[in-house]
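Per-entry structural report
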Amino acid sequence: MTFKKNWEKKDQYFQLSYDEIVAMVQQAYPEKKLLSYQSISGGCANLNVQVTLDGQELPFILRIYLRDEEAAFREQKIAHLIQATVPAPEIYFIGEMGSLRFALMQHMEGCTLRDLLLQGSAFNMHELMKEVGLMLSRIQSYRFDASGFFDEELMVSRKLTQEDYALFAKDCLLYPTTQEKIAKSDIAKMRSYFDEYYFLFPQTNENHLVHADYDPANILVTQRQGKWTISAILDWEFAFSGSTLCDVANMTRYAHHMPSEYEEGFLQGLEEGGVKLPKNWRTSAHLLNLLSLLDMLTKCPLQERPKQCKDICELITYILHSLDDAF
């Protein structure tokens, strides 16, 4: 289940009718006729629909925000902020229909890096992953006044401290899903690691732009002149101000399932982009991945998402073994 490939998707549980799609599109373009539409499978949190309108050469993406409706405004402003250096879809219109917040955004060409990596075709993985590292160096070059979470205007409305990471992780250990799926001995071990090594979580003074879901599923690639290259970075809804290590952790979470060129190229790109990782970066990445996986596990109903729960638990087991070896 590398890179969340087989996780249960949002379009398995939530669908829009034709009339609902037409009503959303007409809020933005009342003079345009909907010619066709199709759901884009792959989103675990939100629903994405490709729509083609009369008189438009290229399709749009209709994005329905099912987890956090305020994310539409953050994604719109982030795309505007980074447009000079990082390819991200522009959001043309944000609207509401009933209880649903939606956006019409730019359609970006390409397939996901995840699909390319998993389909087994021959290509220069090291060079493409180096570009992924260089792209992250551009993302992290944007800085903010403090470390924390954004409001609709990309202002840090809730600050984030080093202690917050460890406290949140330990709170996740108390959730029923965690208690049900993770062995008590492993829960105790994680609690011990979070207590003893909380100083390896990001510090309060780290205030870089963090994508927060920077992995191959959210990177589009396309072939240009016979070479695979990045065409877009998608899904900025979780973005915040903090440490680049959070994105490094995401990108290396499944590295043990990939050839060595995957991680080596990524790290080389970071270095060439001027990102200097701390000495204990890998241990910090393991702790950050534990935190992220535990957070996802708390939101993962076993009956609805058995594949997702299984993959999360397997990743937690792998990380704990790695930390055991490190300590």
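Just above, that's the structure.
An account of the accompanying structure is given in this report. Note that residues are indexed from 1 along each chain, following the sequence as it is written. With the structure being a predicted model, the display of local features is reserved for residues of pLDDT at least 70 and the display and counting of side-chain atom pairs for 80 or more, all residues being used for whole-chain, interface and lining totals. To obtain the side-chain values, all non-hydrogen atoms of the structure were included, while hydrogens and water were left out.

Quick word on the state of the cysteines
In plain terms, two cysteine sulfur atoms within 2.5 Å form what is called a disulfide here. For the coordinates displayed, the defined rule picks out zero disulfides. In this structure Cys246 is a free cysteine whose sulfur lies 14 Å from that of Cys172, the closest cysteine sulfur available. For Cys246, a relative accessible area of 11% corresponds to the buried category. For the exposure calls, accessible area comes from a 1.4 Å probe over protein chains only, and a residue counts as buried if that area is under 20% of its type's maximum, exposed if over 50%, partly exposed in between.

Quick look at the sheet that holds strand S12 (residues 240–242)
Pairing in this open sheet of four strands is antiparallel, and the strands run S8-S7-S12-S9 from one edge to the other. Edge positions in the sheet fall to strand S8 (156–159) and strand S9 (208–210), since each of these pairs with one other strand and no more. Strand after strand, the sheet turns through a mean of 35° between neighbouring axes, direction not considered. Across two bridges, strand S7 (residues 148–150) lies against S12 in antiparallel orientation. Bridged to Phe149 within S12 is Phe240. Strand pairing requires that DSSP identify at least two bridges connecting the strands. Each helix is a run of H or I in the DSSP string that is no shorter than four residues. Each strand is a run of E no shorter than two, and both are numbered from the N terminus. Axis lines are fitted through C-alpha atoms, for helices just across the contact stretch, and the angle between N-to-C directions can take any value from 0 to 180 degrees.

Considering helix H8 (residues 245–252)
Burial within H8 is extensive, with eight of its eight residues counted as buried. For H8, the set of buried residues is Leu245, Cys246, Asp247, Val248, Ala249, Asn250, Met251 and Thr252.

Focus on the layout of surface pockets
In this structure, the second largest pocket occupies an estimated 280 Å³ of space. Cavities and pockets were defined on a 1 Å grid built from protein atoms only: a cavity is a group of points that admits a 1.4 Å probe but offers it no way out, a pocket is an open group of points flanked by protein on both sides within 12 Å along at least five of seven lines, and a lining residue is one with an atom within 4 Å of any such point. What lines the second largest pocket is a set of 19 residues, among which Glu206, Ser243, Leu245, Lys276 and Pro278 lie closest to the centre. Each residue receives one of three labels: charged for Asp, Glu, Lys and Arg, nonpolar for Ala, Val, Leu, Ile, Met, Phe, Trp, Tyr, Cys and Pro, and polar for the others, Gly being one of them. Here the lining of the second largest pocket is built from residues that sort into eight nonpolar, nine polar and two charged. Grid points are joined across faces, edges and corners, and a volume is the space filled by probe spheres set on the points.

Here we look at the nonpolar core
Buried Ala, Val, Leu, Ile, Met, Phe, Trp, Tyr and Cys residues form a nonpolar core when they are joined through side-chain atoms within 4.5 Å. Ranked by size, the top nonpolar core spans 78 residues in total, and within it Tyr214 and Trp236 carry the most contacts. Considering each element in turn, this core owes the most residues, ten residues, to helix H10 (residues 281–298). Throughout, a residue-residue contact means that at least one pair of heavy atoms, one from each residue, lies within 4.5 Å. Setting aside residues no more than four positions away along its own chain, Trp236 makes contact with Glu75, Ile78, Ile82, Val86, Ala88, Ile139, Leu209 and His211.

Focus on the packing of aromatic side chains
In this analysis, rings of Phe, Tyr and Trp, with Trp reduced to its six-membered ring, are considered paired at centre separations within 6.5 Å, and the interplanar angle assigns stacked below 30 degrees, edge-to-face beyond 60, and tilted for intermediate values. Scanning the model with the defined rule gives twelve aromatic pairs in all. Plain terms: the ring middles of Phe3 and Tyr254 are 5.4 Å apart, the flat faces sit at 65° to each other, and that makes the pair edge-to-face. Of this pair, Phe3 sits in the segment before helix H1 (18–28) while Tyr254 sits in the loop between H8 and helix H9 (260–272), and the two are 251 residues apart along the sequence. For Tyr254, a relative accessible area of 4% puts it in the buried group. Every member of this aromatic cluster is reached through a ring pair, and the members are Phe3, Tyr254 and Tyr262. Comment: the charge-over-ring label is applied if NZ (Lys) or CZ (Arg) is within 6 Å of the ring centre and within 35 degrees of the ring normal. The lysine or arginine in question, Lys4, covers the ring of Trp7, its NZ or CZ lying 5.8 Å from the ring centre.

Brief notes about the pattern of salt bridges
Pairing is possible between side chains that carry opposite charge, provided their charged atoms lie close to one another. Salt bridge, as applied in this entry: a Lys or Arg side-chain nitrogen positioned within 4 Å of an Asp or Glu carboxyl oxygen. Per the counting criterion, the structure on display carries 18 salt bridges. A network of salt bridges, in which partner residues are shared, links Arg63, Glu75, Asp235 and Glu237.

Quick notes on the packing of H8 against H10
Close contact between H8 and H10 brings their axes to 9 Å; oriented N to C, the two are set at 80°. Here H10 runs roughly perpendicular to H8, going by the angle between their axes. Between H8 and H10, the residues in contact are Leu245, Cys246, Val248, Ala249, Asn250 and Thr252 and Trp281, Ser284, Ala285, Leu288 and Asn289, respectively. By residue class, the composition of the contact of H8 with H10 is seven nonpolar, four polar and no charged. Roughly parallel here means an angle under 35 degrees, roughly antiparallel means over 145, roughly perpendicular means 65 to 115, and every remaining angle is called oblique.

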